[in-house]
Amino acid sequence: LQLLLQEASALFMIIKQQPGQGVLSALQPSIDALVERNLLKHKNKDIQVLVASCISEVLRIVAPDAPFTDEIWEVTYFAGISKQSDPKHVLIFGGF
């Protein structure tokens, strides 16, 4: 899983911002997979960081349009990124 996410992150990085509809359609299964609860709340901190990296790249690619529903913006705050000791802390992204 970690290798797959590393490869996905690297591939997302080479996609230009605001690609054509064909590229967006091809990315949609990957985008949907990134927001699955089992990935967002994975026990492995490295997986959490890679998922966050992929989501960040997706947001860059599709900016200014967000590809996620409002429900997805309430995600488990990644303890590997945060200096908080409580991994259950919830961060709500607003204004997107």
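An account of the accompanying structure is given in this report.

It is worth spelling out the environment of Q17 at this point. Topologically, Q17 is positioned in the loop between α1 (2-14) and α2 (21-34). Given the relative accessible area of 44%, Q17 is considered partly exposed. Excluding anything up to four places from it in sequence, Q17 contacts R60, I61 and A63.

Attention shifts here to the packing of α1 against helix α4 (residues 45-62). Across the interface, α1 lies against α4 with an axial gap of 9 Å and an inter-helix angle of 20 degrees. The orientation of α1 relative to α4 falls into the category roughly parallel. Between α1 and α4 lies a crossing of left-handed hand. For the pair α1 and α4, contact is made by Q2, L5, Q6, A8, S9, F12 and M13 and by D46, I47, L50, V51, S53, C54, E57, V58, R60 and I61, respectively. In the contact of α1 with α4, the residues fall into ten nonpolar, four polar and three charged.

What follows covers the side chain of S9. Note that S9 resides in helix α1. Looking at S9, the relative accessible area reads 5%, which means it is buried. Ignoring sequence-local partners within four residues, the contact set of S9 consists of S53, C54 and E57.

With that settled, consider the pattern of salt bridges. Summed over the entire model, instances satisfying the criterion amount to one salt bridge. A salt bridge links E57 to R60; the nearest nitrogen and oxygen atoms lie 2.8 Å apart. With E57 and R60 both in helix α4 and three residues apart, this pair spans about one turn of that helix. Of the residues examined, E57 reaches a relative accessible area of 14% and is grouped as buried.

Between α2 and α4, the shortest axis-to-axis distance is 11 Å and the interhelical angle comes to 145 degrees. Where α2 crosses over α4, the two elements pack in a sense that is left-handed. Judged by residue contacts, L24, L27, I31 and L34 of α2 engage V51, C54, I55, V58, I61 and V62 from α4. For the contact of α2 with α4, the class distribution of residues is ten nonpolar, no polar and no charged.

What counts, and where the lines are drawn
Residues numbered from 1 in each chain as written. Predicted model: local features only at pLDDT ≥ 70, side-chain atom pairs only at ≥ 80, totals over all residues. Heavy atoms only, no water. Helix = DSSP H or I, 4+ residues; strand = E, 2+ residues; numbered from the N terminus. Buried < 20%, exposed > 50% of the residue type's maximum accessible area, 1.4 Å probe, protein only. Contact = heavy atoms within 4.5 Å. Axes fitted to C-alpha atoms, helices over the stretch in contact; angles between N-to-C directions. Parallel < 35°, antiparallel > 145°, perpendicular 65-115°, else oblique. Left-handed = near helix turned anticlockwise from the far one by under 90°. Nonpolar A, V, L, I, M, F, W, Y, C, P; charged D, E, K, R; others polar. Salt bridge = Lys/Arg side-chain N within 4 Å of Asp/Glu carboxyl O.

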